[in-house]
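Survey of secondary and tertiary structure
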Amino acid sequence: MSLRFIEGDLTEMDSDAIVNAANCYLQPGSGVCGAIFNKAGFTELMEACNQIGHINIGECCMTDGFHLKSRYIIHTVGPIYIDGKHHEDTILRKAYWNSLNMAFEHGLQSISFPLISTGVFGYPKEEAISIAIQTINDFLKVKNMTVNLVALDNMTYKMMKNSCID
């Protein structure tokens, strides 16, 4: 299948799963995480996340999508960007890869991602876009799935589209 760039609201995606840029304790946050909790149903998602409890940076877990169009939410924890010299790129790749692999192992055909770690975790968008695209394309070389990379704003969407132009 393919990688698609979409400008829009991740919580409105009608894919099998959307990815939550989570924190290690799976608690509601701001940005993408807060929007997902609010749209999915705060109480139901909070209870599901509390049952899981904790995941490590770069790892992921899955809950129901509750009131979202997507059946599932894959929660992954990206790195907090320090200076690019603390293996942030490796951890970010791992967060994307593990999320893709979890979706594939559960038989999902489509998954939609935000730009993990680019909000409050401070990852520079251009570098994060490059890592996301490279990791997703590497995964799609060996597994078949539709993957959406979703940008909330037009500037980020254009950055994603332009990153694929040689």
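Given the structure is predicted, the values throughout are model-derived calculations rather than measurements.

For the rest of this paragraph, the subject is the overall build of the protein chain. Broken down by element type, the protein chain carries 5 helices and 6 strands. Each helix and strand of the protein chain, ordered N terminal to C terminal, gives the series β-β-α-α-β-β-α-β-α-β-α. Taking 15 Å as the expected radius of gyration for a compact globule of 166 residues, we find that the protein chain reaches 14 Å, a close match to that expectation. Principal axes of the C-alpha set define a box for the protein chain whose edges measure 45 × 35 × 30 Å. Partitioning the intrachain contacts of the protein chain with sequence separation of at least 6 by distance along the chain shows that 67% fall at a separation of at least 24.

Located in the positive-phi region is Leu26, a residue other than glycine, with phi close to 55 degrees. Mapping Leu26 onto the fold places it in the loop between strand S2 (17-21) and helix H1 (31-40). According to the relative accessible area criterion, Leu26 is buried, its value standing at 1%.

Below, the discussion takes up H1. Along H1, the residues classified as buried are Cys33, Gly34, Ile36, Phe37 and Ala40. Taken end-on, H1 shows its buried residues confined to a sector of 160 degrees, consistent with a single buried face. Away from its buried face, by an angle of more than 90 degrees, H1 presents the exposed residues Gly31 and Asn38. The secondary structure elements touched by the buried residues of H1 are S2, helix H2 (42-52) and strand S4 (72-76). Gly41 lies just past H1 and shows a positive phi near 115 degrees.

As a further point, take the pairing of S4. With 4 of its 5 residues buried, S4 lies for the most part within the structure. In terms of strand pairing, S2 meets S4 through 5 bridges, oriented parallel. Pairing of Ala17 across the sheet is with Tyr72, part of S4. Judged from the 5 bridges that link them, strand S3 (residues 60-64) and S4 form a sheet pairing that is antiparallel. Across the sheet, the residue bridging to Thr63 is Ile73, located in S4.

Definitions and cut-offs
- Residues numbered from 1 in each chain as written.
- Predicted model: local features only at pLDDT ≥ 70, side-chain atom pairs only at ≥ 80, totals over all residues.
- Heavy atoms only, no water.
- Helix = DSSP H or I, 4+ residues; strand = E, 2+ residues; numbered from the N terminus.
- Rg over C-alpha atoms; globule rule 2.2 N^0.38 Å.
- Contact = heavy atoms within 4.5 Å.
- Buried < 20%, exposed > 50% of the residue type's maximum accessible area, 1.4 Å probe, protein only.
- Arc of directions from axis to C-beta.
- Pairing = 2+ DSSP bridges.

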